[in-house]
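So the chains spell out like this:
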Amino acid sequence: MEWIGDLERTFASVIYPNRVIVGVLTVVLVVALVVVALRRGWVASTRRHPRRAAVILIPGLVIALPLAWYVASPLVLSKSIDEPAPIVSGGGTATTPTVSPTSSATPATFPSASATEPPSPSPSATPLARSGTFSGADDFHFGRGTAHLVETSPGVFVVRLADFEVRNGPDLFVYLSPSAEGYAKGVVELGALKADKGNQNYEVPLGVDPTSARSVVIWCKQFSVLFATAPLGS
């Protein structure tokens, strides 16, 4: 059903940027069609032959209404999520450590002579491997927030979407892509998008080398439409 994706891309690139003009022209066209229908007696003909009209209209509605709901309902529906940051080795979390202001720090004291054991080091947070900021594919398919590629333990990686928001859509999935430009051959699927808003985590499959990833991508699998891309920097 890539033709639906082609229609959506046309809408996003041509119709949506000119939505005010298109809206006015649509109203004018509807009014003109109503006037023509009244003058030619289409309405009266439909009333005289209700069965014939039903045979034409019902099959079309049976197909069009579910398809329209599947494609358009995400535009009016929204879901938020707030998953905690992934736990990393050593007990820390994948966040930047907070540094207390110097003015509020406690004065340093020296250990007593009887102290024989050095203080245990506090667990430190594993630094973010790579990160990037989301941008939408166009004005309609917006994307905001940050993608972090986090190593939670040696060889184990998680992609975290932080302060994330994207235009909702049908069948959206999260991918690691070898291209900084977005979806490309060799992408790695991380799973269906859990919500169009909020903080969320996605495990990178074991055996996948994340060093070859150049971006995190939000992609509509059903209609092959790019929604948002976050190029991964160092």
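Structure: see above.
Since the model is a prediction, treat every value here as computed from it, not as a measurement.

Caption draft 1: Quick look at the overall build of the protein. If you tally the helices and strands in the protein, you get four helices and ten strands. When each of the 234 residues of the protein is scored for burial, the buried share is 32%. Within the protein, contacts between residues at least 6 apart in sequence are counted, and of these 65% link residues at least 24 apart. For the protein, the exposed surface amounts to about 14,900 Å²; the carbon and sulfur share of it is 63%.

Caption draft 2: Structural detail: the packing of aromatic side chains. Going through the model one piece at a time under the given rule, you end up with three aromatic pairs. Their ring planes at 85 degrees and their centres at 5.3 Å tell us that Tyr175 and Tyr183 sit as a pair that is edge-to-face. With a relative accessible area of 4%, Tyr175 lands in the buried category. Relative to Trp219, the ring of Tyr183 lies with its centre 3.9 Å away and its plane at 10 degrees, an arrangement referred to as stacked. Of the two residues, Tyr183 is situated in the loop between β6 (172-177) and β7 (188-192) and Trp219 in strand β9 (residues 215-220); the sequence distance between them amounts to 36 residues. On the accessibility criterion, Tyr183 (37% relative accessible area) is partly exposed. Under the relative-accessibility criterion, Trp219 is labelled buried at 13%. Cation over ring: Arg144 sits above Phe142, and NZ or CZ is 4.4 Å from the ring centre. We note Lys194 situated over the ring of Tyr202; from NZ or CZ to the ring centre the distance is 4.8 Å.

Caption draft 3: The arrangement of the pairing of strand β8 (residues 197-203) in detail. Taking burial as the measure, the seven residues of β8 include five buried ones, the bulk of the element. Both strand β1 (residues 80-82) and β8 contribute to a ladder of three bridges, which runs parallel. By the bridge assignment, Ile81 is partnered in β8 with Gly198. Sheet analysis places strand β5 (residues 156-166) next to β8, joined by five bridges and oriented antiparallel.

Caption draft 4: Spatial organisation of the nonpolar core. Among the nonpolar cores identified, the biggest contains 26 residues, and Phe134, Leu161, Leu176, Leu193, Val216 and Ile218 are the most heavily contacted of them. Counting residues per element, the ones that place at least two in this core are β4 (143-153), β5, β6, β7, β9 and β10 (225-231). Per-element accounting of this core gives the leading share, five residues, to β5. With residues up to four places along the chain from it excluded, the contact list for Ile218 reads Phe134, Leu161, Phe164, Val166, Leu172, Phe173, Val174, Leu193, Leu226, Phe227 and Ala228.

Caption draft 5: Inspection of the side chain of Thr152 at higher detail. Assignment of secondary structure puts Thr152 in strand β4. Exposure remark for Thr152: the relative accessible area of 9% places this residue in the buried category.

Caption draft 6: Representation of a nonpolar patch on the surface. Together, Val30, Val34, Leu38 and Val43 give the surface a local cluster of nonpolar side chains, amounting to about 340 Å² of exposed area. One can find Leu38 in helix α2 (residues 19-40). Taking relative accessible area as the criterion, Leu38 reaches 58% and is therefore assigned exposed.

Caption draft 7: Looking closely at the pairing of β6. Taken across its six residues, β6 has six buried, putting it largely inside the fold. Neither face of β6 is exposed, since Leu172, Val174 and Leu176 on one face and Phe173, Tyr175 and Ser177 on the opposite face are all buried. Examined bridge by bridge, β6 and β9 share six bridges and lie antiparallel to one another. Bridge pairing in β9 places Tyr175 opposite Val217. Here β6 pairs with β7 via four bridges, running antiparallel. What sits directly across from Leu176, in β7, is Val188.

Quick notes on the rules
- Residues numbered from 1 in each chain as written.
- Predicted model: local features only at pLDDT ≥ 70, side-chain atom pairs only at ≥ 80, totals over all residues.
- Heavy atoms only, no water.
- Helix = DSSP H or I, 4+ residues; strand = E, 2+ residues; numbered from the N terminus.
- Buried < 20%, exposed > 50% of the residue type's maximum accessible area, 1.4 Å probe, protein only.
- Contact = heavy atoms within 4.5 Å.
- Areas by Shrake-Rupley, 256 points an atom, 1.4 Å probe, with all protein chains shown as cover.
- Phe/Tyr/Trp six-rings, centres within 6.5 Å; stacked < 30°, edge-to-face > 60°.
- Lys NZ or Arg CZ within 6 Å of the ring centre and 35° of its normal.
- Pairing = 2+ DSSP bridges.
- Core = buried A, V, L, I, M, F, W, Y, C linked by side-chain atoms within 4.5 Å.
- Patch = residues over 30% accessible without salt bridge, like charges linked within 9 Å, V, L, I, M, F, W, Y side chains within 5 Å.
- Salt bridge = Lys/Arg side-chain N within 4 Å of Asp/Glu carboxyl O.

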